[in-house]
Structure formats: C-alpha cells, structure tokens
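Here is how the chains run, residue by residue.
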Amino acid sequence: MKRKTTQRAAIEQVFQTENRPLTIDEVLHSGRALVESLNQATVYRNLKLLVASGQLRQVQHPVLGTLYEQAGKGHHHHFHCHGCNRVYELPGCALNEEEAAPAGFIVEDHEIYLSGICPTCATSPP
Ligand SMILES: [Zn+2]
Ligand SMILES: [Zn+2]
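One structure accompanies this document, and this report is about it. Predicted, not measured: the structure shown is a model, and the values here were computed from it. (Residues numbered from 1 in each chain as written. Chains lettered and ligands numbered in written order. Predicted model: local features only at pLDDT ≥ 70, side-chain atom pairs only at ≥ 80, totals over all residues. Heavy atoms only, no water.)

A separate point is the coordination of the zinc ion (ligand 2). In a perfect tetrahedron of four donors around a metal, the angles come out at 109.5 degrees. In a perfect octahedron of six, they are 90 or 180 degrees. For the zinc ion (ligand 2), the full set of protein donor atoms is H75 (NE2), H77 (NE2), C93 (SG) and H110 (NE2), and the range of their distances to it is 1.9 to 2.2 Å. Taken together, the four donor atoms coordinating the zinc ion (ligand 2) and their angles of 100 to 114 degrees define a geometry best described as tetrahedral. We note that the donor set of the zinc ion (ligand 2) lies within a single chain, spaced as H-x1-H-x15-C-x16-H. With H77 in strand β3 (residues 77-81) and C93 in the loop between β4 (87-90) and α4 (97-100), this pair connects stretches of sequence that are 16 residues apart. (Donors = N, O, S within 2.8 Å, 3.2 Å for Na, K, Ca; no water. Tetrahedral: all angles 85-135°; square planar, octahedral: opposite > 155°, others 65-115°. Helix = DSSP H or I, 4+ residues; strand = E, 2+ residues; numbered from the N terminus.)

A word on the pattern of salt bridges. Any two side chains of opposite charge can pair if their charged atoms end up close together. As enumerated under the stated definition, the model contains five salt bridges in all. E18 is the partner of R20 in a salt bridge, and the nearest nitrogen-oxygen pair spans 3.2 Å. Across the salt bridge formed by R20 and E26, the nearest N and O atoms sit 3.2 Å from each other. One network of salt bridges, with partners in common, ties together E18, R20 and E26. (Salt bridge = Lys/Arg side-chain N within 4 Å of Asp/Glu carboxyl O.)

Interaxial distance between helix α2 (residues 24-32) and helix α3 (residues 40-52) falls to 10 Å at its minimum, and their mutual angle equals 110 degrees. Viewed along their axes, α2 and α3 adopt a mutual orientation that is roughly perpendicular. In this structure, α2 meets α3 at a crossing whose hand is right-handed. On the side of α2, the interface is formed by I24, D25, V27 and L28, while α3 contributes Q40, V43, Y44 and L47. A breakdown of the residues in the contact of α2 with α3 according to their chemical character gives six nonpolar, one polar and one charged. (Axes fitted to C-alpha atoms, helices over the stretch in contact; angles between N-to-C directions. Parallel < 35°, antiparallel > 145°, perpendicular 65-115°, else oblique. Left-handed = near helix turned anticlockwise from the far one by under 90°. Contact = heavy atoms within 4.5 Å. Nonpolar A, V, L, I, M, F, W, Y, C, P; charged D, E, K, R; others polar.)

Put into structure tokens, the structure is as follows:
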C-alpha cells in the first residue's frame, strides 16, 4: 500500500509542477523521474482514481486524444503547440456565445481548440 501512495503522490506532483493538461505518456515520463517503479498500468490506474476522486478531469483533445488536467479550474481552453507537441491551458475565454451562433440557436456549451507555436518554440525552434 505504501508503494501505491508514493506513486500517486508522484503523479499529483507532476500535475502541480507542469500545470497543464498531460497525456498518459507525459505523466509516465515525468513521474518516472520521481518514482522509478511507475509504468503505464500504474499511471493509468492512478489517473482513474484521481478522476474518480475529483482531483483530475479528462479532456478529449481532437488531435492528442485523452488528456488529464487538474479539476476545478473553471471555463478555459487549450492551445496545442506543433513544435513541442505540448498542450497549454489558456486563461479565460474570448468567445461571445450570443454572437457565435445565428439567431434562434440557444448555445449551452462550446469547445475551442487552438493550435500553433508556443512562445518557447517560437524563440528557440527545436
Ligand atoms: Zn512548443
Ligand atoms: Zn470558452
């Protein structure tokens, strides 16, 4: 049991350090620097537990598939960098829902996915 706690704590720390949505592979890669015993199965199991307990939530990204991010951040969108393949969290929302759809449509929700080049890649191309 002690081992599991350590793995879970490592995964929580990865999300706090990165502060952006992560793929399972990214969690595995960063988490292994903290706990060597992590593997894909243990990461997957712990991510499921953290989602069930409300600490993380799943994001379905159209390009990268399932991502995980810290829950409770409020409405926001994501930016996918074509250079480093990272997904960044964008603060707030620039969309005016009332103007986004023609008259007669009642907008209840929306998703926006931005992509391009992040500031790090723009200043130092890989
Ligand atoms: Zn980048
Ligand atoms: Zn929005």
